[in-house]
Every structure is written in structure tokens, then in C-alpha cells.
Number of protein chains: 2
Amino acid sequence: MADSNTIRLRVFSLNCWGIRYLSKHCRERYAMIGELLSREEHDIVLLQEVWSEKDFLCLKRKLSSTHPHSHYFKSGVIGSGMATFSRHRIHDAFLYRYSLNGYPYMAHHGDWFGGKAVGMVILNIGRLAAHVYVTHLHAEYCREKDSYLPHRVVQAWELQQFIRHTSSGADLVILAGDLNLHPQDLGNRLLRTYTGLRDSYTETAKFDGCEDGITLIADNPFINPKELCPFEKGIRIDYILYKGSGRVSIQCESLSTTKGSVPDHPFPYSDHEALSADLQLQTLTQQAGGDETRGEQDCAAGKLAELVDIVTEARTEVKVGLYCAERMRYTAARTGVMGMALLLLELAIAAVPWLALRADQPFPRASFYLLGVLCFAILITTFLLYIFYTMEVKALQGAEDQMRLAVGSLQERLRGFPLAQPLNRLSAVESVED
Amino acid sequence: MADSNTIRLRVFSLNCWGIRYLSKHCRERYAMIGELLSREEHDIVLLQEVWSEKDFLCLKRKLSSTHPHSHYFKSGVIGSGMATFSRHRIHDAFLYRYSLNGYPYMAHHGDWFGGKAVGMVILNIGRLAAHVYVTHLHAEYCREKDSYLPHRVVQAWELQQFIRHTSSGADLVILAGDLNLHPQDLGNRLLRTYTGLRDSYTETAKFDGCEDGITLIADNPFINPKELCPFEKGIRIDYILYKGSGRVSIQCESLSTTKGSVPDHPFPYSDHEALSADLQLQTLTQQAGGDETRGEQDCAAGKLAELVDIVTEARTEVKVGLYCAERMRYTAARTGVMGMALLLLELAIAAVPWLALRADQPFPRASFYLLGVLCFAILITTFLLYIFYTMEVKALQGAEDQMRLAVGSLQERLRGFPLAQPLNRLSAVESVED
């Protein structure tokens, strides 16, 4: 492998839908996934929604000969659900927990408890340093009225920040996972344009899979097609993205997805389809620069302008979220004040006959206690909500501040402001000032 | 500046103790800090405990001519309290929130509400990319029986991870802040040895400040000397750390600290002393390699072995924390079960006469309701605590997994396992395999 200039790298990604006792045929599906992985021997396997560590350990045992290296990322209450298996040694692992991830009281959606995050492992492939990322963003439950949109935009923002800042020394970068973003969604554009990551589906030379590369398909028996409406056939929300560097150029030779059913098995691997990408790495002589860099020099200014537009759009979305969060916090505060007023009123009603030394209370004792309990419950709940919304407001404000800073910095560059080093952080517009 | 090979960089750090209405002379002290900063014109100012954004904005206005660039990091409920002012343009900002940071019910300690984090800003100094970090770790309230030690060790672990992984492309790295760690504390050794950051106090050519560089001194009127016991004079917990790269070598020309009192003012700037470091940057010709790299080649194996020991020590500390968190979670679960049993018992007592169609209850109505409320309160509290402790357990397990992986990787390298690229991530042991 080290002798040749070309290295083949096979990457696999699947959202396993592995909620023990709740997901249908969970155990059987894990057995099928284990079989598939040990048979196919991908170089890198990136799984999401492996909610139980026991299932991870079970897979780890099964894959001990084909994938001796693995890492399970832990986060939140039951998460992060992300696991990676590798044929190449993992040298380092790092986890970034998103600052926003839904609401704990939306327990039926469960995202908050999953502690969504982006995990990074650093592997050596031959003499190349590969930074491999796996993530799972907040689900979209209603596209028309998506109350989680600001959270997902902030997650996409933090994802691109994390990848940009931690991949400076990487020879190649791979990101896979369930982004819960359609190909042209704001978060997706933000991620791809800012990091320069390329989508294996649009870049592949050969594709074998569902129409339009969809990974959540109506034909999947675990899916209620009504939930996909208005996308009758399905949606594409799972991705394998990649980029090379000055030392390596990457081509996606082929990409395949499962198609809802598995031969000789009564049901598919998961409610999502699995992705499998064959990447070809071409090591370049130092300082040569990849084709992708040279080819993109001309449109660097265009890319910058596009980025300014996208970040501005994201900022607007975050501002909408900020407005909502502030309104919710205000509502919590107002309800808390009303609870407090009711409690004081009740205490006053109780105090008047007591001060007048009358033994009998003006209203029934049971109602009196119940009302007291209600007031306390309101006070505690609104207090907790107020704390939670304050944290949400802070996180949204923080993201908005960072976006404002980024837009300012990008605009300075557009104006030809003399900048040096940090430009190489923006891989899509590399070497603009050379 | 760009013509010369030598650049002078002045860095300032101060924990401002800026809790509005609670910290003594808060407003006056901010005015003094603002005066100091606009007079001294440091290149980079890194502040901690600026808890109110209003105070940040006030400082920003005051420093608009001397420090036109600034960023305020937001996190948690009232935090993160970290602010940076710069004479050089800030291009990018990124925040990493520590996964563990005390307990919300320890409200009198307040750390949880502060949302402790590490903030990074990227600046251009001439043609050099400076990655500047500011942080504030969890306070130590009792050194003998420090229940927050595992949290602080995990914070130090995440801090070194964040710096290592985000500084690959940096020409120089600066970290300043209130680490709440003594110079030889585990977290401090972990941070310095893993990142290769150098302590300006031990490295400086000239020092002007308190004895032993202490930054929390008994002479400070805002400090109760008893709290410093057994360190009669004080402790050193605030730092300015730095490192260069293959492109830049850094020397600390001088370091000074305030000494508890300020001429012409009745009280000091804060309960902490301020640090001010004069760094001299020497740009090197490409590929030359800094003296620090060459000089350390011989002891690379020794450094690796030291690092293995330190990470192993940290892992032990995290395991102790894990044991405590699991015990606390078990206690919460057991108390919850007892609350539930009590509630069921009460309902049974209430149900018996009701089923027997008797109108009178066997025990007083008031006690009955109060007991019910108590049971509910126990159930809700233990449920919330259970969720919280589960998150703590997950975070500790995650850190321990990462440490295990790191020790394995370091030991492989010690055994001379053939590794390539990722070694350059370990700056202190750079070029060991060249």
C-alpha cells in the first residue's frame, strides 16, 4: 500500500435505528449489520443511532478480526449513538457536543436525550493522516413548520467550525452521518461551502442505489410514507463527504446504497439506507497542490461571495430562533410571576382569618392545598424552563456573534484586505492570495 | 512590523471577578481595568469572569480606539464570562463548552451556571496566524476534599485536546486564563506536557510581581486569607502559556503581575492579580525548525513516557469520579424508588376506606396531602438528579475511553510502532521519527 501512489479506501455509513425494545427487530438487524460489515470489510465504518453500548460491544466482538480498531462516542443521557470501526489504527478521538439540541420536555422526540455531537477519530492510512468525522444532527419532524430549524442551523454551523479548525493538519478529511438535511438545505450548503467538503453522491463516477440517492425511502417497511410527504419517493439526508489536501487528491470511484430490502432477509438493515463509498486516494508530490485547488482559484471570489450570502442566511435563521427563544423565556417568566402572585394571594386568604383568630378557613382545605401545590409546581417548572431558555438564548447569541464575525472577515477578504495565513483554513478558496 | 523578523507581542490576562451587585466595587474596578488597558495598549487582552455583557460592552466602548477588535464568548446561563480584546483583527472565533462543570444544585458555587468553556480566536499578527485561547476552569473550593477534581481533570483533558486539534495550522499559540490549577497539579501537567505549551512564569527572562508568581494573594483585600490555607502567602493559578512553531520561535522577555494594590486607588483591580507578558516572536525561515524542536529531540521518548504516566494518573482520577457519579446516580434511583413506594403506600391507605365505602379517612387530611406532595417532590427531584448523573457518568466514561485510547497510542509509539503524520500533533515530541 505504501509503495503505490494510489490507495483505495472504502467507507460505510448507516443510521442503525438501534433503540432497544422500541425499534423493530433491533437485535436481528444488528446481527445482519454485523454480517454485512464482516463480509464487506470496509476500511472505515461510521454508524449512528447505536443507542446502547451493549450493541456496540456486541458489534465490536463480531468485527474484532476484520475491524480491530473502534471507538464509541458517549454524550448526553443515552447518546451519542455514534460508533466507528476501522481496519486502520485509531490514534486519537475527540468529541464536540452541539450547544443546542432540542428540548428536554419534548421527550417523545428524544433528540435532547441523545446528546447530538460530532465525533472525530484520527487514523493513519499508510503514511497519510485521515481525520474522520461522524455526526447526527437534530431530526426534522415537520418540514413546513420546523421549530428545530435554528437548532439544526447552529449544529451545522458548529459542525463546519469543528471540521475547519480540527482538520488543518489532515491529509484527508471524511465526514459521514445522518445530517437530517436535504442536499440544498441551508445547513448543508453552509457545511459544504465553508469546509470545501465534496458530496460523494454528486461526485461519484458510478452510482448504484435508490433514485436521486435517497436514503430515507418510502419503500422501506419501517417507514410510514405519510411522514415523507410531500416527497413521495423519499429524501436524501445521509451523506459521505470528503476532501483531500495538498498531499492527496481524492476521487469517488463508486457509491452505492442499500435499496430497502436485503436478499434472504425479511426486513432491511434499518429505517435508513446504508451508504458505501469507494474512494481513490492519489498521493501528490509535496507543494504540487491538488487539481481541486488549482481549478478553483478563478472562482475564489465567487465562492467567498456565496459564503457571505449563506452565512447571512444562517444568521437570519438564528435570529428567528433567538426571537422565539426570548419569547419563550418571557412566557416562562410571566407564568412564574403569575404562579407566585397566586401563591401570595392564597397565603393572604389563609392569613386573614388566622390573623382575625377565626378557626375556620374561608374555603375548603383540600382545594386550598391543591392550589398551593399547583402554585409550587408552576414556580418550579417555570424556573427550570427559564434557566433552560436562558441557556438557549446564550447559545443562539453566541452563534450569531460568531456568524457576524465571520461575515465581517469574509467581506474584508472580498474587498482585498491584505490577509495571510488564516486563508488556508478556508479550503474551498485555498491559495487565493498566492 | 512585517519588515523585521522580530515582533513584540504583549499579552494581558485577568480574572475580573465581575459579578454585578455581588462582587465588591464592581463598577469602580471595571473603570480601573478599562483605564489600565487603554493606557497599556497590550496587543491581546484576555479577561475572565466578565459575567455581564453590559460590562463587556462598556469596556468595548472604552477600548474602541486602542483595541478595535473584540469578542465576547457566551455559554451556560450567565457565562462564559470570557472576553478578548485585540489590537489585531480577529478573523474567527470558536467556543468549546466543557462536558463537565460542577452541579446545578451547588448554586452557591455557581460554576455550573457559568458554563465554563475554552474560547479560541484567530488573529493575524503581521503575516503570522496566532491562535489565542482563553479559559476558566472549575474552581477549587476545598483542596483536601476536592469533590470537583474529576471535573477539573476532564476539563484539562478537553482543553489540551481542543488546543492540540485546533492549533495544527497556527504559527503561534497563546493560552491565558484562570486555570484554578497549581503549577504542579495533574491538570496543569497534562495540559503542558501534551500540548507543549510553555509557562511564561518559568520561562521569562525577567519577572516583576508577587513572590513565586502567585496570583491569588493573601494581601489582596478581597480575599479571606483563611481560604488560602495552608498556602499562607497565596497560590499561582492564573497563567499565560505559549508556544511557537516551525515558522516562529517565541521567547518571554518579561512577565509582570499586579501586587494586590494599585497606586492612587483604594482597592485592587480584582481578587486575582493581573498578568502581563512581553513575548518576542522571531520568524524563522521555513523548514528550519525552532530551537525548541531540535533541543527536545533527544528527550522525546522520555516525554512520551512522562505523558503515559500523566494520562494514566488522569485516568485514575476520572475513574474515581466515575465511581462517585455512579454511586450518586444509584442513590438518586434508590431514593426515587422509596418515594414511589411511599406514594403507593399512601394511595393504598386512602383506597382501603374508599373501597369499604367509609367516608372518614384513617389519618388527618392535611398530613395526607403534605405526604403526597413530599412524595411527588422526591420523585421529581430524584428523576432530574438521575438524568443529570447519567449525563455525568456518560461524560466521564467518554473521557476515560479517550484517555485509554491515548495511552494505547502513546505506548505504541514508545515501542517504536511505525507511525507517520499524527506525531506532529504532539508538539512537545515533534520530529521523533524523522
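Bear in mind the structure is a predicted one, so any value in this text is a computation, not a measurement. (Residues numbered from 1 in each chain as written. Chains lettered and ligands numbered in written order. Predicted model: local features only at pLDDT ≥ 70, side-chain atom pairs only at ≥ 80, totals over all residues. Heavy atoms only, no water.)

### Points about the relation of the copies chain B and chain A
Note on the chain copies: they are related by a rotation about an axis and a translation along it. Here chain B sits on chain A after a turn of 180° about the axis and a move of 0.0 Å along it, with an RMSD of 0.1 Å. Taken together, the rotation and translation relating the two chain copies correspond to the operation of a two-fold axis. The C-alpha atom lying nearest the rotation axis in chain B is that of Thr 166 of chain B; the distance is 2.3 Å. Mapped onto chain A, 100% of the interface residues of chain B are again interface residues, and the two copies thus contact each other with one and the same surface. (Least-squares fit on C-alpha atoms with pLDDT ≥ 70 in both. Contact = heavy atoms within 4.5 Å.)

### Notes on the state of the cysteines
Counted under the stated rule, the structure contains zero disulfides over all chains. Cysteine Cys 210 of chain A remains unbridged, with the sulfur of Cys 252 of chain A as its closest cysteine sulfur at 16 Å. Looking at Cys 16 of chain B, it has no disulfide partner, and the nearest cysteine sulfur is the one in Cys 26 of chain B, 8.8 Å off. (Disulfide = S-S within 2.5 Å.)

### Topic: unusual backbone geometry
That bond from Gly 79 of chain A to Ser 80 of chain A is cis: its omega, 5°, falls within 30 degrees of zero. Checked against the element boundaries, Ser 80 of chain A lands in strand E4 (residues 79-86). Of note, the bond from Cys 229 of chain B into Pro 230 of chain B is cis; its omega dihedral lies within 30 degrees of zero at 5°. Assignment of secondary structure puts Pro 230 of chain B in the loop between helix H7 (225-228) and strand E12 (234-235). Even without glycine at this site, Glu 49 of chain A takes up a positive phi of about 55°. The topology assignment puts Glu 49 of chain A in the loop between strand E2 (44-48) and helix H2 (53-62). In this structure Glu 49 of chain A comes out as buried when scored by relative accessible area, which is 13%. (Helix = DSSP H or I, 4+ residues; strand = E, 2+ residues; numbered from the N terminus. Buried < 20%, exposed > 50% of the residue type's maximum accessible area, 1.4 Å probe, protein only.)

### Some details on the packing of aromatic side chains
Tallied over the entire structure, the rule returns 37 aromatic pairs over all chains. With centroids separated by 6.3 Å and ring planes inclined at 70°, the aromatic side chains of Tyr 96 of chain B and Tyr 98 of chain B adopt a geometry described as edge-to-face. We note that Tyr 96 of chain B, like Tyr 98 of chain B, is buried. Seen from their ring centres, Trp 157 of chain B and Tyr 194 of chain B are 5.9 Å apart, and the 65° between their planes marks the pair as edge-to-face. With Trp 157 of chain B in helix H4 (residues 149-166) and Tyr 194 of chain B in helix H5 (residues 186-195), the pair connects residues that are 37 residues apart, well separated along the chain. Considered together, Trp 157 of chain B and Tyr 194 of chain B belong to a single accessibility category, that of buried residues. Ring pairing ties together the aromatic residues Phe 94, Tyr 96, Tyr 98, Tyr 133 and Phe 162 of chain A together with Phe 94, Tyr 96, Tyr 98, Tyr 133 and Phe 162 of chain B, which thus form one cluster. In this structure, Arg 29 of chain B packs its charged tip against the face of Phe 222 of chain B, placed 5.3 Å from the ring centre. Sitting above the plane of the Tyr 194 of chain B ring, Arg 164 of chain B keeps its charged end 4.2 Å from the centroid. (Phe/Tyr/Trp six-rings, centres within 6.5 Å; stacked < 30°, edge-to-face > 60°. Lys NZ or Arg CZ within 6 Å of the ring centre and 35° of its normal.)

### Side note on the pairing of E4 of chain A
Residue and element names in this part refer to chain A. Of all eight residues in E4, eight are buried; the element is thus mostly enclosed. Pairing analysis gives four bridges linking E2 to E4, with the strands arranged antiparallel. Within E4, the position partnered with Ile 44 by the bridge is Ser 86. Where strand E3 (residues 69-75) meets E4, seven bridges bridge the pair, whose relative direction is antiparallel. Its bridge partner being in E4, His 69 is matched across the sheet by Ser 86. Counted along the chain from E3 to the antiparallel partner E4, the turn is three residues long, and its residue Gly 76 has a positive phi close to 60°. (Pairing = 2+ DSSP bridges.)

### Some words on the UniProt feature "domain: Endonuclease/exonuclease/phosphatase" (unreviewed entry) in chain A
Those places that UniProt annotates as "domain: Endonuclease/exonuclease/phosphatase" (unreviewed entry) correspond, in this numbering, to residues 13-272 of chain A. Along residues 13-272 of chain A, the helical share is 25% and the strand share 31%, with 10 Å between the first and last C-alpha atoms. (UniProt positions renumbered as here; feature names shortened; annotations may be inferred.)

### Observations concerning the interface of chain B and chain A
Contacts between the two partners involve 60 residues from chain B and, on the opposite side, 60 residues from chain A. At the boundary of chain B with chain A, total buried surface from both sides reaches about 5,500 Å², with 60% on carbon and sulfur atoms. Three residues, Phe 94, His 165 and Lys 394 of chain B, lead the burial of chain B against chain A; their summed loss comes to 12% of the area buried on that side. Connecting chain B to chain A are eight salt bridges. For the salt bridge of Glu 412 of chain B with Arg 89 of chain A, the shortest nitrogen-to-oxygen distance reads 2.8 Å. Connecting chain B to chain A are 14 residue pairs in polar contact (both at pLDDT 80 or more). The set of elements that each furnish at least two residues to the side of chain B that touches chain A consists of strand E3 (69-75), strand E5 (90-97), helix H3 (111-114), strand E6 (117-125), strand E7 (128-136), H4 and helix H10 (365-414) of chain B. Residue contributions to the side of chain B that touches chain A peak at 17 residues, all from H10 of chain B. For the side of chain B that touches chain A, the residue count by class is 26 nonpolar, 19 polar and 15 charged. (Buried area = accessible area lost by both parts, 1.4 Å probe. Salt bridge = Lys/Arg side-chain N within 4 Å of Asp/Glu carboxyl O. Polar contact = N/O pair within 3.5 Å; in protein donor to acceptor, adjacent residues only side chain to side chain. Nonpolar A, V, L, I, M, F, W, Y, C, P; charged D, E, K, R; others polar.)

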